[in-house]
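Breakdown of the fold
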Amino acid sequence: MTCTGCETKLTRTLGALESIQNVKTSLVLSRAEFDLDPSAGSVADIIKYLERTTEFQCERRTDQGSHIDLQVSGDAIDLVNQKWPDGVMEMKIAGSNTVTVTYDATVVGARDLLSREWGRTVTLAPPRPDPTLAAGSRHAREMGYMTLLSIVLTVPVLVMAWAPLPQREIAYGSASLALATTVQVVIAGPFYPKALKSLIFSRTIEMDLLIVLSTTTAYVVSVVSFGFLVSGTPLSTGQFFETSTLLVTLIMVGRFVSALARHKAVESISMRSLQSPVAVLVDDAGNESKTDTRLLQYGDIFKVMADSRVPTDGTVISGSSEVDESMMTGESNPVEKHIQSTVMAGSINGSGTLLVRLSRLPCDNTISTIAGMVDEAKLSKPKIHDIADRISGYFVPLVVTLTIITLVIWTAIGITVRNQSGREATIQAITYAVTVLIVSCPCAIGLAVPMVVVIASGFSAERGVIFKSAESLEVAYKTSHAVFDKTGTLTQGRLTVVREKYIDPDPNTAKSLLLGLISGIKHPVSAAIATHLKANGVSSLAVSDVQTLTGKGVQGSAMGYDLRCGNSRYLGLSSDPYIQSVLSQRFTVFCFTINGSLAAVYALEDTLRPEALSTVQKLQQRGISVHIISGDDDGVVHSVATQLNIPDANVRSRCTPTDKQRYIQSLLAGPASACANKHKKKSPVVLFCGDGTNDAVALAQATIGVHMNEGTDVAKSAADVVLVRPYLAGVLVAIAISRKAMNRIMFNFGWSFAYNLFAILLAAGAFVNARIPPEFAGLGELVSVLPVIIAAVLLRWSRA
């Protein structure tokens, strides 16, 4: 795909099929995703239809589930036709002797499959590169070969046209005709079916049509001119073979450089390149062996040597070290790792040696997860992209219209002003028209938005901030209100029990019942109480019918008792004198009741994240109004607000998920703050940052939901932005990258408009004494597209 016309053609072609819904396309990635109704058509049918109607070469990409490529001695079909082992979900031929096996990694492992007795020699196939990068590399390589061939064929034509050679016009003309015809058929030939099929099947007039019209016109006029030369009545304008061949060659040079630059840009932000290819396995006897990372399976223990990359996610079971996670989180300082610490794939170990128990396979580790979310953002489009689509839709018809006007005007000028014959005036006018056709370039407009989205998505991911959609990237810099949950967001979420009181006459039983009730509950308060009880040697009793009430607490039953725990409001204990005294000291209070009677009270405290104050201050300095909403009690929440200099009017405590949603709605309905971005007259943009399940509704309600990655999957799915590392400053990074990205997009639009306006006027002869020679008009694509790509790529070296 080379320009926005290609993307429009692809979208319209897929959209015309009844079996397809929710089409998403990416010009930069040359990729499409859609929902398919298998009862109305198959993927194979769709690929055949696309290739027939668009001339695109398509291939299906599969990246779901665990899979392994096996190389087979002999015919691969025999392996596929065998009875599949337990856990294997699909086997399909990926090459003449290669089979791709998709399997359930919880049932069977990769090494188990490789070592299985298949009845023939089976080995691990060489790793396949990232399909997106492989396709981009292949396209750039093919463009390079065609460009080189075009240059080889064009140089002799230029020499015969421009060099001071002996006068043998017919001989040189014949050779030039042969070479120019080869260029027109072999090099420019593929443009013809693409342009015509786009016009017929997709009703799209794209850049290829301009190329076809201009190069064909230049070539036909050259042939006509040569015919007049052979007949003994040469035209005063001479021959045009160097015009048509050089035109095609310069177009190919521009497309090759553009394809190469786009490929390198996508490659530079590929997260999958961080995946280590080799892991050091350690068996139960302590023996070590190197293995391909693709062969890791659940239950494995691997060693991470000093200064080596962590092959996949896991938990440290032995050793200590400092690990550089900057490639994944953007945090420059090494992170200490010790027993029970988690390590991430792609991070680089320091001077120590770690033994790690695998927790996630390479196909599902941090690298794969981040890469998947980044790809999702690349496929989405911000609203500003609609402007580019509309402009591009009118661009080519407008250029064709201007070309006709140019042809008519210069023909008239030649006849009436310059006293030329009709033939001479028409041929002269054609050179202007051809130049207008080819010098104009919608590619820069088409790439203005998607190129920036691709680079900005990868750039932000390297800094630990993942935009799950381009829409959030587009509006983050307009943030007028920043709303934060308290526990686990502004605070570290590592609560500790500082006071406990047991009212039940049998405290030991009460402790055991409570531990049984909250075991496995991930809420920070419940987790802190469970950790405290276990540390004091309490063993849990079995509790049934456990139910979590979001924003309130937990309930269940055991030994005929009705058990409940949670905040004092949920349990109706806020008026209890002891609980009131604890609340007045601004502690978080956790209560436990048995059959409605208070059995135990715990007072907990949390600490602010080190970066919380500086983050809030920087947001306020930018004119962004900062708020806290929390389900915790008044004293605790207001204490945090005081430490962060957040006004009481922006603080809400004792909030249920519904209360949080309503507060976000009230901010969205109100006036925008007088923020530094000066969006006073526009609708408020509310950014909400949270981590827990009780924050999911607010995350979804806010304009931009930011999820702290230590939280729950439910909250993560509802968020628009994910912070890979629970570091509040990531909010500032998200806003900064959004601002830089939108500035680049505005520059790209400005450059595209300025270039096309000036180039078309210059090509049309509007400046009379200055014009672009038609043979050099093909440089237009290179001149217009490169600044757009460079502006996007420079994002990687900006500070955020």
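Computed from a predicted structure; not experimentally measured. (Residues numbered from 1 in each chain as written. Predicted model: local features only at pLDDT ≥ 70, side-chain atom pairs only at ≥ 80, totals over all residues. Heavy atoms only, no water.)

**Side note on the overall build of the protein**
The helix and strand inventory of the protein stands at 27 helices and 28 strands. By principal-axis analysis of the C-alpha atoms, the protein measures approximately 120 × 75 × 55 Å. In the protein, which comprises 800 residues, the proportion classed as buried is 51%. Counting every atom, the protein has about 34,500 Å² of accessible surface; 56% of that belongs to carbon and sulfur. (Helix = DSSP H or I, 4+ residues; strand = E, 2+ residues; numbered from the N terminus. Buried < 20%, exposed > 50% of the residue type's maximum accessible area, 1.4 Å probe, protein only. Areas by Shrake-Rupley, 256 points an atom, 1.4 Å probe, with all protein chains shown as cover.)

**Thoughts on the pattern of salt bridges**
Going through the model one piece at a time under the given rule, you end up with 13 salt bridges. The shortest N-O distance in the salt bridge between Glu-33 and Arg-31 comes to 2.5 Å. Glu-33 sits in the partly exposed class, given a relative accessible area of 27%. The shortest N-O distance in the salt bridge between Arg-111 and Asp-300 comes to 2.8 Å. (Salt bridge = Lys/Arg side-chain N within 4 Å of Asp/Glu carboxyl O.)

**Regarding the UniProt feature "transmembrane region" (unreviewed entry) in the protein**
UniProt's feature table lists "transmembrane region" (unreviewed entry) at residues 145-164, 170-188, 209-231, 243-261, 391-417, 429-459, 749-770 and 776-795, given in the numbering used throughout. This span, residues 776-795, is 75% helix and 0% strand, and a straight line between its end C-alpha atoms measures 31 Å. (UniProt positions renumbered as here; feature names shortened; annotations may be inferred.)

**What about helix α2 (residues 43-54)?**
Between its terminal C-alpha atoms α2 stretches 16 Å, which fits the 16 Å expected from 12 residues at 1.5 Å a residue. Directly after α2, the chain includes Glu-55, whose backbone phi takes a positive value near 70°. (Expected span 1.5 Å × (residues − 1).)

**With respect to the packing of aromatic side chains**
The full count for this structure, using the stated rule, is 6 aromatic pairs. Here Trp-410 and Tyr-432 contribute two aromatic rings whose centre-to-centre distance is 4.1 Å and whose plane-to-plane angle is 5°, an arrangement assigned as stacked. Of this pair, Trp-410 sits in helix α12 (residues 384-416) while Tyr-432 sits in helix α13 (residues 422-439), and the two are 22 residues apart along the sequence. Trp-410 sits in the buried class, given a relative accessible area of 8%. Here the aromatic rings of Tyr-502 and Tyr-602 are separated by 5.8 Å at their centres, their planes lie at 90°, and the arrangement is edge-to-face. Linking Tyr-502 in strand β18 (residues 496-502) with Tyr-602 in strand β23 (residues 597-605), this pair joins segments that are 100 residues apart in sequence. Taking the relative accessible area as the measure of exposure, Tyr-602 reaches 0% and is therefore buried. Grouped by ring-pair contacts, the aromatic residues Tyr-502, Phe-590 and Tyr-602 constitute a single cluster. Seen from the ring of Phe-56, Lys-9 lies directly overhead, with NZ or CZ sitting 4.7 Å from the centre. The positively charged end of Lys-501 is found above the aromatic ring belonging to Tyr-578, 4.3 Å away from the centroid. (Phe/Tyr/Trp six-rings, centres within 6.5 Å; stacked < 30°, edge-to-face > 60°. Lys NZ or Arg CZ within 6 Å of the ring centre and 35° of its normal.)

**Overview of the pairing of strand β2 (residues 31-36)**
With 5 bridges connecting them, strand β1 (residues 20-26) and β2 associate as antiparallel partners. Looking across to β2, one finds that Ile-20 is bridged to Leu-36. Hairpin connection between β1 and β2: a loop of 4 residues separates the two successive antiparallel strands, and Ser-30 in this loop has a positive phi of roughly 50°. (Pairing = 2+ DSSP bridges.)

**Description of the sheet that holds strand β19 (residues 544-549)**
The antiparallel open sheet is built from 6 strands, whose spatial order is β18-β23-β22-β21-β20-β19. At either margin of the open sheet sits one strand with a lone partner, and together these are β18 and β19. Each neighbouring strand pair of the sheet contributes to a mean axis angle of 15°, computed without reference to strand direction. As paired elements, β18 and β23 share 6 bridges and run antiparallel to each other. Bridge pairing links Glu-500 to Tyr-602 in β23. The sheet strands contacting helix α18 (residues 507-518) are β18, β19, β20 (553-558), β21 (561-566), β22 (588-594) and β23, and the helix crosses β22 at an angle near 105°. Strand contacts of helix α19 (residues 524-535): β18, β20, β22 and β23, with the helix running at about 100° to β23, the strand carrying the most contacts. (Axes fitted to C-alpha atoms, helices over the stretch in contact; angles between N-to-C directions. Contact = heavy atoms within 4.5 Å.)

**Topic: the confidence of the model for the protein**
Regions with low pLDDT should not have their predicted coordinates read in detail. Counting all residues, the mean pLDDT for the protein is 84, and 94% of those residues have values of 70 or more. For the stretch residues 674-680, pLDDT sits under 50, and the model shows 16 contacts to residues farther than four places along the chain or on other chains. (pLDDT = per-residue confidence, 0-100.)

**A look at the sheet that holds strand β12 (residues 335-337)**
One open sheet accounts for 3 strands, arranged β12-β11-β14; its pairing is antiparallel. Each having just a single partner strand, β12 and β14 (348-349) make up the two edges of the open sheet. When strand β11 (residues 321-324) meets β14, the two strands line up antiparallel, connected through 2 bridges. Along β14, the bridge assignment pairs Val-323 with Asn-349.

**Focus on unusual backbone geometry**
A positive phi is found at Asp-545, a non-glycine position, where the angle reads about 55°. Relative to the assigned elements, Asp-545 resides in strand β19. Note on Asp-545: relative accessible area 62%, which makes it exposed. Phi angles above zero are rare outside glycine, and Asn-645 is one such case at about 60°. Topologically, Asn-645 is positioned in the loop between α22 (634-643) and β25 (651-652).

**Some points on the nonpolar core**
Formed by 114 residues in total, the largest nonpolar core has its most connected members in Phe-484 and Leu-619. Here this core takes 15 residues from helix α26 (residues 730-763), the largest share from any one element. Setting aside its immediate chain neighbours within four residues, Phe-484 contacts Thr-489, Leu-490, Leu-619, Val-626, His-627, Ile-628, Ile-629, Phe-688, Cys-689, Leu-728 and Val-731. Counting 31 residues, the second largest nonpolar core, distinct from the first, contains Val-80, Ala-105, Val-122 and Leu-296. (Core = buried A, V, L, I, M, F, W, Y, C linked by side-chain atoms within 4.5 Å.)

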